[in-house]
Amino acid sequence: MLTLTGIFFGLQNMDEAMMLRILSRLNRVVCIWRLLVDQVMVLETMTPLDFLDFRSHLSPASGFQSLQFRLIENKLGLREVNRVTYNKEHYQTVFRDEGSCNLLKQSESEDSLLDLIEKWLERTPGLEPTQFNFWNKYRASVNQMLLDEEQEAEDFSDEDTKKIVLGDVSRQREVFDNIFNLQKHDNLVVRGDRKLSHKALQGALMIFLYRDEPRFNQPHQLLTLLMDIDSLMTKWRYNHVVMVQRMLGNKPGTGGSSGYQYLRSTVSDRYKVFLDLFNLSSYLIPRKYIPSLTPVMKRRLSIMEDVVIQYAETPGNPSFLEHEEE
């Protein structure tokens with residue numbers, strides 16, 4: 001997986017001109033994770049007694065000592081604040097050799113996939129306040145949607161029903177306020193409950209809402225694949241936890257961890273790198289409320305003109321326009 005995703009980490013910015021290649025690599029990564037998830041089913045065909053026959057040969061090794069898995073987590077963008085401590089110690093303490101420690105430190109200092117995705121989303125066409133200004137239009141549409149729902153609630157003759165519906169609308173306002181209020185967003189980022197910048201979140205939401213536009217079709221596929229990877233990693237962790245409980249119960253792990261109890265703590269949203277993409281469903285609105293594209297914006301999202309210009313103006317890249325003139 002590290003080799004397959006290396007395309008991202010060798011670039012300072014995501015290059016949309018390479019989108020097909022990126023999607024191909026991510027699809028392959030998803031297939032690999034599906035295989036890993038299914039492999040646990042094979043191990044579960046053993047009985048606990050069968051497992052005990054060879055468990056002693058594994059000691060003192062532990063899956064926690066897997067250098068490659070830690071590198072994958074770091075390169076994807078898992079942050080230190082979201083990790084569960086291992087025996088109240090830093091996760092790197094189990095790695096003794098200098099080479100492994102250097103690789104881990106390097107993976108933490110370099111831009112992760114999450115960092116690159118964030119920078120890429122911040123460049124989403126349509127976010128510019130002097131042009132389409134998606135965020136202002138989206139906010140106005142949300143307010144109109146909530147006003148319409150309040151009006152519909154007022155039309156109910158039954159007071160209990162009216163109270164329930166108005167309560168639902170009020171709770172919806174609170175949910176949307178979490179994304180409109182910059183201070184609340186920043187607080188969520190500090191707590192580790194949100195990871196993308198406010199502008200990157202706007203870009204992702206715009207891609208989700210206008211995914212049928214040609215320009216956003218592949219970016220939407222990309223974001224979906226990132227969620228697939230997160231989902232499959234979570235499923236693998238969960239299957240691993242269930243298998244360990246079935247084979248070992250509450251026995252301690254071979255590497256000195258608490259075993260099942262420690263592994264269970266890793267199956268949570270804190271280990272989802274792209275959790276913000278999952279939570280965007282909270283902010284989707286019915287199609288009739290999605291702001292209409294202006295003719296200029298409609299054209300921008302129907303062609304890859306901006307990408308061609310960006311590529312052509314990058315030093316060292318051959319100009320597509322020069323080839324057309326030839």
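This one's a predicted model, so the numbers in the text were calculated from it and none came from an experiment. (Residues numbered from 1 in each chain as written. Predicted model: local features only at pLDDT ≥ 70, side-chain atom pairs only at ≥ 80, totals over all residues. Heavy atoms only, no water.)

**Digging into the nonpolar core**
Going by this rule: The nonpolar core is taken to be a set of buried Ala, Val, Leu, Ile, Met, Phe, Trp, Tyr and Cys residues, with the residues joined through side-chain atoms within 4.5 Å. Each residue's exposure class comes from its accessible area (1.4 Å probe, protein chains only) as a fraction of the maximum for that residue type: buried when under 20%, exposed when over 50%, partly exposed otherwise. Every helix listed is a DSSP run of H or I at least four residues long, and every strand listed is a run of E at least two residues long, numbered separately from the N terminus.
Formed by 71 residues in total, the largest nonpolar core has its most connected members in F134 and Y138. Where this core is concerned, the elements lending two or more residues are helix 2 (19–43), helix 4 (67–76), helix 6 (113–121), helix 7 (134–154), helix 8 (159–180), helix 10 (198–209), helix 11 (214–248) and helix 12 (260–265). At 14 residues, helix 11 tops the list of elements feeding residues into this core. Within the second largest apolar cluster, six residues are counted, among which are L71, Y91, V94 and C101.

**What to know about the packing of aromatic side chains**
As a reminder of what qualifies: Aromatic rings from Phe, Tyr and Trp, taking only the six-membered ring of Trp, are treated as a pair when their centres fall within 6.5 Å; an angle between ring planes under 30 degrees marks them as stacked, one over 60 as edge-to-face, and anything in between as tilted.
Taken as a whole and assessed by the stated rule, the structure comprises eleven aromatic pairs. Seen from their ring centres, W33 and F69 are 6.5 Å apart, and the 75 degrees between their planes marks the pair as edge-to-face. Of this pair, W33 sits in helix 2 while F69 sits in helix 4, and the two are 36 residues apart along the sequence. Each member of the pair, W33 as well as F69, is classed as buried. These aromatic residues form a ring-pair network of at least three members: F134, W135, Y138, F176, F180, Y210 and Y283.

**Remarks on the environment of N250**
Rules: Contacts between residues were defined by any pair of non-hydrogen atoms, one from each residue, lying within 4.5 Å.
Mapped onto the elements of the fold, N250 is located in the loop between helix 11 and helix 12. Here the alpha-carbon distance between N250 and Q261, two residues eleven residues apart in the chain, equals 7.4 Å. Setting aside its immediate chain neighbours within four residues, N250 contacts Y260 and Q261.

**Some remarks on the pattern of salt bridges**
The criterion, for reference: Note on definitions: salt bridges are taken to be side-chain nitrogens of Lys or Arg within 4 Å of carboxyl oxygens of Asp or Glu.
Throughout the structure, instances matching the rule amount to 15 salt bridges. One salt bridge connects E73 with R70, and the closest N-O pair in it is separated by 2.8 Å. A residue pair is termed a helical-turn pair when its members lie 3 or 4 positions apart in one helix, as E73 and R70 do in helix 4 at three residues. With a relative accessible area of 6%, R70 lands in the buried category. Of the charged contacts in the structure, one is a salt bridge between R300 and E128, with a shortest N-O distance of 3.3 Å. With a gap of 172 residues between them, R300 in helix 14 (residues 295–300) and E128 in the loop between helix 6 and helix 7 connect regions that are remote in the sequence. Of the residues examined, E128 reaches a relative accessible area of 22% and is grouped as partly exposed. A network of salt bridges, in which partner residues are shared, links R70, E73, R83 and R237.

**Focus: the packing of helix 6 against helix 11**
Here is the rule we go by: A fitted line through C-alpha atoms represents every axis, and for helices the fit uses only the stretch in contact; the resulting angles, taken between N-to-C directions, go from 0 to 180 degrees. Here roughly perpendicular refers to angles of 65 to 115 degrees, roughly parallel to angles under 35, roughly antiparallel to angles over 145, and oblique to all remaining angles. Crossings are assigned a handedness: left-handed for a near helix turned anticlockwise from the far helix by less than a right angle, right-handed for a clockwise turn. Three classes are used, and their members are as follows: Ala, Val, Leu, Ile, Met, Phe, Trp, Tyr, Cys and Pro are nonpolar, Asp, Glu, Lys and Arg are charged, and the others, Gly among them, are polar.
Put simply, helix 6 and helix 11 touch, their axes get as near as 13 Å, and they point 155 degrees apart. As summarised for this structure, helix 6 and helix 11 are arranged roughly antiparallel, according to the angle between their axes. Crossing handedness for the pair helix 6 and helix 11: left-handed. Residues L113, I117, W120 and L121 of helix 6 form the contact with helix 11, whose own contacting residues are P219, L222, L223 and L226. Residue composition of the contact of helix 6 with helix 11, grouped by class: eight nonpolar, no polar and no charged.

**Some thoughts on unusual backbone geometry**
Even without being a glycine, N133 presents a positive backbone phi close to 55 degrees. With respect to the element layout, N133 can be found in the loop between helix 6 and helix 7. Judged by relative accessible area, which is 16%, N133 ranks as buried.

**Some points on the confidence of the model for the protein chain**
For the record, the criterion: Confidence of the predictor at the level of single residues is captured by pLDDT, which takes values from 0 to 100.
Counting all residues, the mean pLDDT for the protein chain is 83, and 83% of those residues have values of 70 or more. Least confident of the elements in the protein chain is helix 16 (residues 320–325), whose mean pLDDT is 33; most confident is helix 10, at 97. Here residues 308–314 scores under 50 on pLDDT; set against residues more than four positions off or in separate chains, the count is ten contacts. In this model residues 317–326 is a low-confidence stretch, pLDDT under 50, and it forms seven contacts with partners more than four residues away in sequence or in other chains.

**Here we look at the environment of Q144**
To keep it simple, the criterion reads: N or O atoms within 3.5 Å of each other form a polar contact, as long as, within protein, one can give a hydrogen and the other can take it, and as long as residues adjacent in sequence are counted only when both atoms are side-chain atoms.
Checked against the element boundaries, Q144 lands in helix 7. Taking the C-alpha atoms as reference points, Q144 and Y289, separated by 145 residues in sequence, lie 8.1 Å from one another. Reaching out from Q144, the side chain makes a polar contact with the side chain of D148 at a distance of 2.9 Å.

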